[in-house]
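Residues per chain, in single letters:
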Amino acid sequence: MTLEKALETLKQVRITCSASQLEEIDFTIKILEKLSEAGIKEPLHADFKKLA
């Protein structure tokens, strides 16, 4: 799975989720977007120490 695919899926899920879940979904989308902007393609395998 790619970061882009995960973002796309979360955005689709956001449309159908309940209002009580929107804050958590939006938070997760923002995190993944920041990772993507930082050039991280595989966050599960990234070495975040190099970003500091």
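Look above for the structure.
What counts and how
- Residues numbered from 1 in each chain as written.
- Predicted model: local features only at pLDDT ≥ 70, side-chain atom pairs only at ≥ 80, totals over all residues.
- Heavy atoms only, no water.
- Helix = DSSP H or I, 4+ residues; strand = E, 2+ residues; numbered from the N terminus.
- Buried < 20%, exposed > 50% of the residue type's maximum accessible area, 1.4 Å probe, protein only.
- Areas by Shrake-Rupley, 256 points an atom, 1.4 Å probe, with all protein chains shown as cover.
- 1 Å grid on protein atoms, 1.4 Å probe; cavity = no way out; pocket = protein on both sides within 12 Å on 5 of 7 lines; lining within 4 Å.
- Points joined across faces, edges and corners; volume = space filled by probe spheres on them.
- Nonpolar A, V, L, I, M, F, W, Y, C, P; charged D, E, K, R; others polar.
- Expected span 1.5 Å × (residues − 1).
- Arc of directions from axis to C-beta.
- Contact = heavy atoms within 4.5 Å.
- Salt bridge = Lys/Arg side-chain N within 4 Å of Asp/Glu carboxyl O.

**Thoughts on the overall build of the chain**
When its secondary structure is counted, the chain shows two helices and zero strands. If you line up the chain on its principal axes, its C-alpha atoms span 35 × 20 × 15 Å. Relative to its 52 residues, the chain shows a buried fraction of 19%. Summed over all atoms, the accessible surface of the chain reaches about 4400 Å², with 58% contributed by carbon and sulfur.

**Topic: the layout of surface pockets**
By volume, the largest pocket amounts to about 150 Å³. Lining the largest pocket are Met 1, Thr 2, Leu 3, Ala 6, Leu 32, Lys 41, Glu 42, Pro 43, Leu 44 and His 45. Taken together, the residues of the lining of the largest pocket sort by class into six nonpolar, two polar and two charged.

**What about helix α2 (residues 22–37)?**
Residues separated by three or four positions in an α-helix point in the same direction, a consequence of the helix having 3.6 residues per turn. With 16 residues, α2 should cover 22 Å at 1.5 Å per step; its first-to-last C-alpha distance of 22 Å lies within 8% of that length. Ile 25, Ile 29, Leu 32 and Leu 35 are the residues of α2 that are buried. In an axial view of α2, the angular spread of the buried residues amounts to 125 degrees, which keeps them on one side of the axis. Turned more than 90 degrees away from the buried face of α2 sit Glu 23, Phe 27, Lys 30, Lys 34 and Glu 37, all of them exposed. Those residues of α2 hidden inside the fold are in contact with α1 (3–16). Of the residues trailing α2, Gly 39 is marked for its positive phi of about 85 degrees.

**Comments concerning the pattern of salt bridges**
According to the stated counting rule, one finds two salt bridges in the structure shown. Residue Lys 11 is joined to Glu 33 by a salt bridge in which the shortest nitrogen-to-oxygen separation is 3.3 Å. Taken as a pair, Lys 11 in helix α1 and Glu 33 in helix α2 lie far apart in primary sequence, 22 residues in all. A residue is classified by how much of its surface remains accessible, and Glu 33, at 27% relative accessible area, is partly exposed. With a shortest N-O distance of 2.4 Å, Arg 14 and Asp 26 are connected by a salt bridge. Of this pair, Arg 14 sits in helix α1 while Asp 26 sits in helix α2, and the two are twelve residues apart along the sequence. Given the relative accessible area of 34%, Arg 14 is considered partly exposed.

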